[in-house]
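Architecture at a glance
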Amino acid sequence: MNTTTKRSDYWFVLVLGMIYMFNFIDRTIISVVGELIRRDLVLSDLQLGLMGGLAFSFFYAIMGIPLARLAERFNRVNIIVCVTAIWSVMTMLSGAAGGFLQLLLCRMGVGVGEAGFTPALVSMISDRFPPERRAVVFSLIAVGVPVGGALAAIIGSAVAQAVGWRLAFVVVGLPGLVLALLLYLTVPEPVRSNDDAAPPLRAVLTHLRRSPAFIHLTFGSGMVGLVGFGLNLFLIPLLVRLHGLSLPQAGLAFALSFSLATAVGTTIGGFAASALGHRDQRWYAWAPALLLCAGLPLYLLAIYQSDWRWLMGLLFVATACLYAFLPTIMTVTQTLVEPRMRASAAAIHSFGQTVLGLGLGSVLLGYLSDRFASAHFGPGYGATCVNGKAVVQTVICLHASAAGLQQAMMVIASFLVLAIISYLAAARSLKGQAGFSRKP
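Residues numbered from 1 in each chain as written. Predicted model: local features only at pLDDT ≥ 70, side-chain atom pairs only at ≥ 80, totals over all residues. Heavy atoms only, no water.

Here we look at the overall build of the protein
Each helix and strand counted, the protein has 19 helices and 0 strands in total. Here the C-alpha radius of gyration of the protein, 21 Å, is about what a compact globule of 440 residues would show, namely 22 Å. Projected onto its principal axes, the C-alpha coordinates of the protein cover approximately 70 × 45 × 40 Å. The buried share of the protein, taken over its 440 residues, is 60%. In the protein, the share of contacts with a sequence separation of at least 24, taken over all contacts with a separation of at least 6, comes to 86%. (Helix = DSSP H or I, 4+ residues; strand = E, 2+ residues; numbered from the N terminus. Rg over C-alpha atoms; globule rule 2.2 N^0.38 Å. Buried < 20%, exposed > 50% of the residue type's maximum accessible area, 1.4 Å probe, protein only. Contact = heavy atoms within 4.5 Å.)

Quick word on the environment of A427
You can see A427 is positioned in helix α19 (residues 415–429). A relative accessible area of 2% means that A427 is categorised as buried. Sequence separation of A427 and L93 is 334 residues, and the distance between their C-alpha atoms is 44 Å. Once residues within four sequence positions are removed from consideration, A427 is found in contact with R282, A285 and W286.

Points about the side chain of S362
Relative to the helices and strands, S362 is located in helix α16 (residues 342–377). At 3.3 Å, the side chain of S362 and the backbone oxygen of G49 are in polar contact. Residues within four places of S362 in sequence aside, it is in contact with G49, G53, L54, L233, F234 and G357. (Polar contact = N/O pair within 3.5 Å; in protein donor to acceptor, adjacent residues only side chain to side chain.)

Considerations on the pattern of salt bridges
Overall, the coordinates contain 8 salt bridges when judged by the stated rule. For E35, the salt bridge identified is with R241, shortest N-O distance 3.2 Å. Here E35 is found in helix α2 (residues 34–41), whereas its partner R241 is found in helix α11 (residues 212–243), with 206 residues between them in sequence. R241 carries the same exposure label as E35, and that label is buried. The shortest N-O distance in the salt bridge between R76 and E189 comes to 2.7 Å. On the criterion of sequence distance, the pair formed by R76 in helix α4 (residues 76–94) and E189 in the loop between α9 (165–186) and α10 (201–209) is long-range, its members being 113 residues apart. A relative accessible area of 25% means that E189 is categorised as partly exposed. (Salt bridge = Lys/Arg side-chain N within 4 Å of Asp/Glu carboxyl O.)

As for the state of the cysteines
Scanning all chains against the criterion turns up 0 disulfides. Left unpaired, C106 is separated from the closest cysteine sulfur, that of C82, by 20 Å. For the unlinked cysteine C293, the closest cysteine sulfur is that of C321, found at 10 Å. (Disulfide = S-S within 2.5 Å.)

Thoughts on the packing of helix α1 (residues 7–32) against helix α7 (residues 131–142)
Remark: α1 packs on α7, axes separated minimally by 8 Å, with the N-to-C direction vectors making an angle of 45°. On the basis of their axis angle, the class for α1 and α7 is oblique. On the side of α1, the interface is formed by D9, F12, V13, L16, G17 and Y20, while α7 contributes R133, V137, F138, L140, I141 and A142. Tallied by class, residues from the contact of α1 with α7 come to 9 nonpolar, 1 polar and 2 charged. (Axes fitted to C-alpha atoms, helices over the stretch in contact; angles between N-to-C directions. Parallel < 35°, antiparallel > 145°, perpendicular 65-115°, else oblique. Nonpolar A, V, L, I, M, F, W, Y, C, P; charged D, E, K, R; others polar.)

A few points about the environment of C293
Note that C293 resides in helix α13 (residues 283–303). Residue classification places C293 among the partly exposed positions, given a relative accessible area of 43%. C293 sits 263 residues away from I30 along the chain, and the two C-alpha atoms are 30 Å apart.

Section: the environment of A318
Mapped onto the elements, A318 comes out in helix α14 (residues 308–323). Accessibility expressed as a relative area gives 1% for A318, which makes it buried. A C-alpha to C-alpha distance of 5.4 Å links A318 and Y299, two positions 19 residues apart in sequence. In this view, A318 contacts G295, L298 and Y299; residues no more than four positions away in its chain are not counted.

Here's the deal with the packing of aromatic side chains
Under the criterion given, the structure shown has 5 aromatic pairs. When the centroid spacing of 6.0 Å and the interplanar angle of 85° are considered together, the rings of W165 and F169 count as edge-to-face. With W165 and F169 both in helix α9 and 4 residues apart, this pair spans about one turn of that helix. When sorted by exposure, W165 lands in the same class as F169, which is buried. Judged by centre distance (5.4 Å) and plane angle (90°), the ring pair of W283 and W286 falls under edge-to-face. Of this pair, W283 and W286 both sit in helix α13, 3 residues apart, which is roughly one turn of the helix. Cluster of aromatic residues (ring-pair linked, three or more members): Y20, W87 and F117. (Phe/Tyr/Trp six-rings, centres within 6.5 Å; stacked < 30°, edge-to-face > 60°.)

Comments concerning empty space enclosed by the protein
Inspection of every chain in the model, using the stated rule, returns 4 cavities of 30 Å³ or more. Roughly 370 Å³ of volume is contained in the largest cavity. What lines the largest cavity is a set of 20 residues, and nearest its centre among them are Y20, V145, F229, L326 and Q353. Elements with a minimum of two residues in the lining of the largest cavity: α1, α7, α12 (247–277), α15 (326–334) and α16. If one sorts the elements of the lining of the largest cavity by residue count, α16 sits on top with 4 residues. Split by residue class, the lining of the largest cavity holds 12 nonpolar, 7 polar and 1 charged. (1 Å grid on protein atoms, 1.4 Å probe; cavity = no way out; pocket = protein on both sides within 12 Å on 5 of 7 lines; lining within 4 Å. Points joined across faces, edges and corners; volume = space filled by probe spheres on them.)

Take a look at the structure:
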């Protein structure tokens, strides 16, 4: 393809970026209204972690690979249209849930829908754009993730505060149906760069097993996701419990300190990766390792700030460091496989990142938060604070839950050390040469 940017390329980036944005809005809204749900449905932090993380990520991971196999055989635009409609409807149905189990099932449905998006998207980008432009294109589309997080935090918290958390699910779920129709009507399916039949899944797994770079990059991204997804799910509860912010105030703080930082980090990271990678491909692993070394101490400092404004400032820089190269790593893994393996490789990478990050991270953080809160409170924390049987001790319960969550976040941060080690190991496996292969 000619490297000159066409108007249709801008439209492609815009429409897919908006869908990615609502993909993340529908994924994130549970963390925005999670504190209200926890109080309304009388849940523990572990249950919140199960509902906001494991329920979504388990089915996201289970369905990701089969849907990726479909993306290697059938029209990818139609696949994205269908899965966008599924996750949007399931998000709206979450507002009608009568209890924990029903909401858990709805979140599973959201995971099933969203599982088909990223593999098909990455495959389309790989067929539509030359190798040297893919990191930038995916980074620009991935800006929809932090923008979506910001909108979910600001709009979702305002709606939930005004009319309740149930209507908030309906408000954020409905636009996805409109975007699915817009994609179907205006974006054509890219011509595949290889007309050969998609290889069997066993061949893909064998190929990836023999690629140390892919394994290390995927594990490293999973460890970053473990910290990042956990922070994404529990930052608003921390701001409400520890710093006494209202839900709209916490939503705005989340948007500024987490979502905006992610947008800045991924945008700059995409362009920086393209520039550095042309010199030496090992920079695709060296750069995220170096930024994580800078981001880890800033993250630890941010969590223990007594002033929420200092927390926001420190967390902004730390988050930008954590997320700067995650979109780039996804596109780099595409250069390690044959064209017809791209969707499956993207699904397997997402599997590792989502299961390790969102699934394990959210549940582990919720579990540790409950355990540490119980240690701060003393015997009877579950009966007194979680089940709300002693209203007189509300302030004590709030202090214990805030301290427990704060301590749990500190422990979770240690997984970034594993990410740094993994990225450095990946650099040893990448070729020490300039530029991408020109093979599509």
